[in-house]
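Understanding the architecture of this molecule
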Amino acid sequence: YYTHKPGGFCGRLYRALRAAARAGHETVYVSLDPPPSEFPSEVRFERLPFPTSRRSGVLFWTLFLLWAPIYFGWRCVRLR
């Protein structure tokens, strides 16, 4: 899980995503939160549905670690 913060790692992450998309790779960014304004337009964004707006604590991590693999497994099967 990654939280957007201006500068540093974010800039490198978005440049890497943009480069992958421009190289012809299907590039999808999945996040709990909407993408920032400087997000590359070449990259498809999908929002991970989540039952709570909290992003810290034991409850969040328990739910996230249970839900994320289920959601991605379902998405992979659905895309076939």
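In short, a report on the structure. These numbers come from a predicted model, not from an experiment.

1. Some remarks on the overall build of the protein
Assigned secondary structure in the protein consists of 2 helices and 2 strands. Along its sequence from the N terminus, the protein presents helices and strands in the succession α-β-β-α. At a minimum sequence separation of 6, the contacts of the protein that also span at least 24 residues come to 28%. Accessible surface computed for the protein: about 5,700 Å², of which carbon and sulfur atoms make up 62%.

2. Examining the side chain of threonine 27
Take threonine 27: it is sitting in the loop between α1 (8–22) and β1 (28–31). What makes threonine 27 buried here is its relative accessible area of 11%. Reaching out from threonine 27, the side chain makes a polar contact with the backbone nitrogen of alanine 21 at a distance of 3.3 Å. In this structure threonine 27 touches Leu17, Ala20, Ala21, Val43 and Arg44, once residues within four positions along its chain are discounted.

Criteria and cut-off values
- Residues numbered from 1 in each chain as written.
- Predicted model: local features only at pLDDT ≥ 70, side-chain atom pairs only at ≥ 80, totals over all residues.
- Heavy atoms only, no water.
- Helix = DSSP H or I, 4+ residues; strand = E, 2+ residues; numbered from the N terminus.
- Contact = heavy atoms within 4.5 Å.
- Areas by Shrake-Rupley, 256 points an atom, 1.4 Å probe, with all protein chains shown as cover.
- Buried < 20%, exposed > 50% of the residue type's maximum accessible area, 1.4 Å probe, protein only.
- Polar contact = N/O pair within 3.5 Å; in protein donor to acceptor, adjacent residues only side chain to side chain.

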